Amino acid sequence: MKILALTQFLRGDKQADRVVPPSGHTAWLTSFTAATMTFLAVFALALSLAAGRLAERWGDALARSATIRISAPAGQMDAQTRAVLDVLAITPGVERARAMDDAEQRALLEPWFGPNLPLDALPIPRLVEVTEDDTGYDAEGLRQRLAAEAPGAVLDDHTRWRKPLAVAAGRLRMLGITSILLIGASMAAMITLAANAALAANAQVIRVLRLVGARDAYIARAFVRRFTLRALAGSAIGAVAGMIGVALLPSADVAGGFLTGLGFQGAGWLLPFLIPPAAALVAFFATRFAAFRKLKELT
Amino acid sequence: MIAFENVAYSYGGGELLSEVSLRLAPGSFHFLTGPSGAGKSTLLKLCYAELLPTAGRITLFDREVRSLDRDEVARMRRRIGVVHQDCQFLDHLPLATNVTLPAMVSGRSSANEDLQDLLNWVGLAPLADALPPQLSGGERQRAAVARAVIMSPDVVLADEPTGNLDWEMSLRLLTLLVELNKMGKTILIATHDLNLIRAAKQQVPARVLRIAKRRVQLAGADL
């Protein structure tokens, strides 16, 4: 559509708008559909963005770190820990390595065993946190050296569980995007049905307009403009309601979990405002398609 | 202006019109008569391409109707004022807006200047703001005539335009159509009203076409 035609469409033609009688049923249905679909789209968008953030966070946190777990008799624990740290100190690609102290290990286990864990009385393995530099290290070579120097040390480079996490986050993101697309398609289908109903109900109006020389484009424009504006208004209400709903979710800082982080951050709060214009576009094309098809049928 | 060449029209397996050939020249005035169900309304609908012939050829303003696309048909209809027998209106719009509808859809505003004169002429000025369902049959008929002529079309096709009117109002409408004809417009009126035909023939050289046995014949001398 040319810019001029679009401007004319947005400005409207008061007289042309009047030729279609006000139809409460389809008006309400279109606005309600647009509002509810946008409400759902806001949540799908929040899910998609949160999944994206999660994937990034997990990727960053896991990609450059590894853990060495040392299981050894109490008498050998310190010696094997020192041996592991010595090996790591001369391993290319390792930026730093440090053994976690008892307090840190207790904090790690606290969510499962409670705060009063008798660490000394339990055969808890010692954990060594490894951070790699940009070049990375040779994991297989490191494993072989560790086996020779500290037989109780096992390298866990997080690959085993990093991959499924990254895949899961990616799928969650895709799920969100797919949901938005399906919501858009559903909205188009429902608005098409509502437009078809409105056109069928106004067959007499169309007959009269044709009798006096109205072109299909003129008749279609009156319907399309009405449905587009209804979808825009309904969608704006749905977007605001959805954003309020997202804002009322518990803060990620308070609970720290994924579900509680299901919100918008920073400029992300502006993204839901893109949904009403998109909904209006969907309504525009859906109604235009329905109108021209119906007008051909009503020859 | 409008020409039929061996036109036939069939509906539901039966042939309603057969071998119809006629020519409405610019500035001519014709009446179309015939018994009920003879096909007068069908012939008028063929004249403004609401129906297409099942055989033969119809030419509107030098264009064969079958070659016209939908937009072209719409543009042709702007040059033809039609008075339907059942006087269809947009029931949610006031009478005045309904009368100016042809101007609205063609994006012209000049018709508004003639609106008041026209409504006065057809005696509907006091009802300008009334909705069509509030009008009587005769008022609707007068409104339909006003709508058909407001754009000063090249052709006026009227299907029983005086069927619900008293004689005085019938003559007023006839005078309006005669005046348009004197301005060079082509007029075709389907009617049963022989008095109306006689009254017209006193003012203009009107010709009478008669539909009988699915064919159109020239009548007139005996009226």
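Residues numbered from 1 in each chain as written. Chains lettered and ligands numbered in written order. Predicted model: local features only at pLDDT ≥ 70, side-chain atom pairs only at ≥ 80, totals over all residues. Heavy atoms only, no water.

Moving on, we come to unusual backbone geometry. Residue and element names in this part refer to chain B. A positive phi angle, near 50°, is found at Glu19, a position not held by glycine. Its place among the elements puts Glu19 in strand β2 (residues 14-24). With a phi angle near 65°, Ala49 is a residue other than glycine that sits in the positive phi range. With respect to the helices, strands and loops of the structure, Ala49 is situated in the loop between α1 (40-47) and β4 (55-60). (Helix = DSSP H or I, 4+ residues; strand = E, 2+ residues; numbered from the N terminus.)

Below, the discussion takes up the side chain of B:Arg77. Along the chain, the position of B:Arg77 falls in helix α2 (residues 70-77). Among buried Asp, Glu, Lys and Arg side chains, B:Arg77 stands out as unpaired, with B:Glu50 the closest opposite charge at 5.4 Å. Setting aside residues up to four positions removed in sequence, B:Arg77 forms contacts with A:Arg210, A:Leu211, A:Gly213, B:Tyr48, B:Ala49 and B:Glu50. (Buried < 20%, exposed > 50% of the residue type's maximum accessible area, 1.4 Å probe, protein only. Lys, Arg positive; Asp, Glu negative; His and termini not counted. Salt bridge = Lys/Arg side-chain N within 4 Å of Asp/Glu carboxyl O. Contact = heavy atoms within 4.5 Å.)

When its domains are assigned, chain A resolves into domain 1 (3-59 + 163-297) and domain 2 (72-151). Taken over C-alpha atoms, the centre of domain 1 of chain A sits 54 Å from the centre of domain 2 of chain A. (Domains from an automatic or database assignment.)

Attention shifts here to the sheet that holds strand β3 (residues 29-33) of chain B. All names here are of chain B. The six strands are arranged β6-β7-β8-β3-β9-β10 in an open sheet whose pairing can be described as mixed. Strands with a single pairing partner mark the edges of an open sheet, and in this sheet they are β6 (80-83) and β10 (215-219). Neighbour-to-neighbour, the strand axes of this sheet turn through a mean angle of 20°, independent of strand direction. As defined by bridge partners, strand β7 (residues 155-159) adjoins strand β8 (residues 186-190) across five bridges and the pair is classed as parallel. Bridging from a neighbouring strand, Asp159 pairs with Ala190 of β8. With respect to the sheet, helix α7 (residues 167-182) is in contact with β3, β7 and β8, its orientation differing from that of β3 by roughly 135°. (Pairing = 2+ DSSP bridges. Axes fitted to C-alpha atoms, helices over the stretch in contact; angles between N-to-C directions.)

Residues and elements named next belong to chain B. The buried fraction of α1 is high, at six of eight residues. Residues of α1 that are buried: Lys40, Thr42, Leu43, Leu44, Leu46 and Cys47. Ala49 sits one or two positions beyond α1 and adopts a positive phi of about 65°.

It is worth spelling out the interface of chain A and chain B at this point. At the interface, 22 residues of chain A touch 21 residues of chain B. Contact between chain A and chain B buries roughly 2,000 Å² in total, counting both sides, with carbon and sulfur atoms accounting for 59%. Considering only the side of chain A, the residues that lose the most area to chain B are A:Leu211, A:Val212 and A:Arg215, jointly responsible for 34% of the buried surface there. At the boundary of chain A with chain B, the tally comes to seven residue pairs in polar contact (both at pLDDT 80 or more). Of all elements in the fold, only α2 (14-18), α8 (203-211), α9 (216-247) and α11 (275-297) of chain A reach the threshold of two or more residues within the side of chain A that touches chain B. With seven residues, the single largest contributor to the side of chain A that touches chain B is α8(A). (Buried area = accessible area lost by both parts, 1.4 Å probe. Polar contact = N/O pair within 3.5 Å; in protein donor to acceptor, adjacent residues only side chain to side chain.)

Before going further, it helps to spend a moment on the sheet that holds strand β4 (residues 153-156) of chain A. All names here are of chain A. With respect to topology, four strands assemble into an open sheet ordered β2-β3-β1-β4, the strand pairing being antiparallel. The two strands at the open ends of the sheet, each matched to only one other strand, are β2 (94-99) and β4. Averaged over neighbouring strand pairs, the angle between their axes works out to 20° when direction is ignored. Looking at chain direction, strand β1 (residues 65-70) and strand β3 (residues 126-132) are connected through six bridges and run antiparallel. By the bridge assignment, Ile68 is partnered in β3 with Val128.

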